[in-house]
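# A structural walkthrough
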Amino acid sequence: MKVVGVSGSPRPKSNSSTIVKAALDELASKGAETELFEMSGMKIEGCSGCMYCKSKGKCVKNDDITKIIEAIFNADAVVLAAPIYFHKYNSQFRALIDRMYCLVKPDFSCALPAGKKAIVISTQGAPDENAFKGETEWLAETLSGYFKLNVIDKLVFVNGNDANAAAENKEFISKVKSAADKLL
């Protein structure tokens, strides 16, 4: 089994990164082949709406997002974690989701092979787990609706303004590992 993890945080050594690494480490310990993409420091371009992908089957742009999309295409499962900045997912992560539009065919069917599983993880500074529930739900619905991924679990990490908060929260990391096990 091949699992791709994406940390959508623009910060190196972020909570999102810690969380994705915990999930991938759990899966690797059980024999899965894993690959981590950390969006911090990546060359990222947003979707320009040119529709090249609808006639050619791939995005016209060739940056680091292209590598992530290719890895997702070839994976059996995906772990996505990203921070919520001012009520929405951060711009780097949102660029990935927008660029995944290249996986939607002109007839709105999906080019991804069927049967992929996913875990969605949002990180936020707010202490109320439901403060930005709509964002987590939107991502899960987008992945399952457009991309036909089977979203196995949705997790929200709270009080995450400190970059070390996830590493210190053993209870949440345990939840992440349990969710990761469901991908097997």
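Just above sits the structure.
A brief structural summary. (Residues numbered from 1 in each chain as written. Predicted model: local features only at pLDDT ≥ 70, side-chain atom pairs only at ≥ 80, totals over all residues. Heavy atoms only, no water.)

## Observations regarding the overall build of the protein
In terms of helices and strands, the protein carries seven helices and six strands. The helix and strand sequence of the protein, counted from the amino end, reads β-α-β-α-α-β-β-α-β-α-β-α-α. The C-alpha atoms of the protein give 15 Å as radius of gyration, which agrees with the globular expectation for 184 residues (16 Å, within 12%). Expressed as lengths along the three principal axes of its C-alpha atoms, the size of the protein is roughly 45 × 35 × 30 Å. Counting only residues that meet the buried cut, the protein has 47% of its 184 residues in that class. The long-range share in the protein, meaning contacts at least 24 apart out of those at least 6 apart in sequence, stands at 78%. Here the protein displays about 8800 Å² of accessible surface, and carbon together with sulfur accounts for 49% of that area. One finds the centroid of the 24 positive side-chain charges in the protein at a distance of 5 Å from the centroid of its 22 negative side-chain charges. (Helix = DSSP H or I, 4+ residues; strand = E, 2+ residues; numbered from the N terminus. Rg over C-alpha atoms; globule rule 2.2 N^0.38 Å. Buried < 20%, exposed > 50% of the residue type's maximum accessible area, 1.4 Å probe, protein only. Contact = heavy atoms within 4.5 Å. Areas by Shrake-Rupley, 256 points an atom, 1.4 Å probe, with all protein chains shown as cover. Lys, Arg positive; Asp, Glu negative; His and termini not counted. Charge placed at Lys NZ, Arg CZ, Asp CG, Glu CD.)

## Some details on helix α3 (residues 64-74)
Turning to α3, its buried residues are D64, I65, I68, I69, A71 and I72. Down the axis of α3, the smallest arc covering the buried residues is 160°, so these residues share one side. Facing away from the buried surface of α3 by more than 90 degrees, the exposed residues are K67 and E70. Residues of α3 that are buried sit in contact with β1 (2-7), β2 (33-38), β3 (77-85) and α4 (91-99). N-capping of α3 is provided by D63, with a side-chain oxygen placed 3.1 Å from the backbone N of I65. (Arc of directions from axis to C-beta. Polar contact = N/O pair within 3.5 Å; in protein donor to acceptor, adjacent residues only side chain to side chain.)

## Topic: the packing of aromatic side chains
Evaluation of the coordinates by the stated rule reveals four aromatic pairs. Consider the rings of Y89 and F93, whose centres lie 5.2 Å apart with planes at 55°: the pair is tilted. Classification of Y89 by relative accessible area gives buried; the value is 6%. When its relative accessible area of 1% is taken as the criterion, F93 is described as buried. Directly above the aromatic system of Y101 lies the positively charged group of K54, at a separation of 3.7 Å from the ring centroid. (Phe/Tyr/Trp six-rings, centres within 6.5 Å; stacked < 30°, edge-to-face > 60°. Lys NZ or Arg CZ within 6 Å of the ring centre and 35° of its normal.)

## Section: the nonpolar core
Residues F93, L96, M100, L143 and F147 are the most contacted members of the largest nonpolar core, which totals 36 residues. For this core, the secondary-structure elements that each account for two or more residues are β1, α3, β3, α4, β5 (117-123) and α5 (133-145). With five residues, α3 is the single largest residue contributor to this core. Beyond its immediate chain neighbours, meaning those up to four positions away, L96 contacts V6, M39, I65, I68 and I69. (Core = buried A, V, L, I, M, F, W, Y, C linked by side-chain atoms within 4.5 Å.)

## Some words on the side chain of N15
Along the chain, the position of N15 falls in helix α1 (residues 15-28). When residues no more than four places from it in sequence are discounted, the contact partners of N15 are T123, F157, G160, D162, A163, N164, A165 and A166.

## Things to note about the environment of A22
With respect to the secondary-structure elements, A22 resides in helix α1. The class for A22 is buried, based on a relative accessible area of 9%. Between the C-alpha atoms of A22 and K177, which are 155 residues apart in sequence, the distance is 6.7 Å. Among all residues touching A22, those that are not within four sequence positions of it are I173, V176 and K177.

## Points about α4
For α4, the set of buried residues is F93, A95, L96, I97 and R99. Considering only its buried residues, α4 is in contact with β1, α3, β3, β4 (88-89) and α5.

## Comments concerning the packing of α4 against α5
At a minimum axis separation of 12 Å, α4 and α5 run at an interaxial angle of 25°. Here α5 runs roughly parallel to α4, going by the angle between their axes. In terms of crossing hand, the pair formed by α4 and α5 is left-handed. Of α5, the residues touching α4 (which contributes F93, R94 and I97) are W138, L139 and T142. (Axes fitted to C-alpha atoms, helices over the stretch in contact; angles between N-to-C directions. Parallel < 35°, antiparallel > 145°, perpendicular 65-115°, else oblique. Left-handed = near helix turned anticlockwise from the far one by under 90°.)

These values are about where atoms sit, not about what they do.
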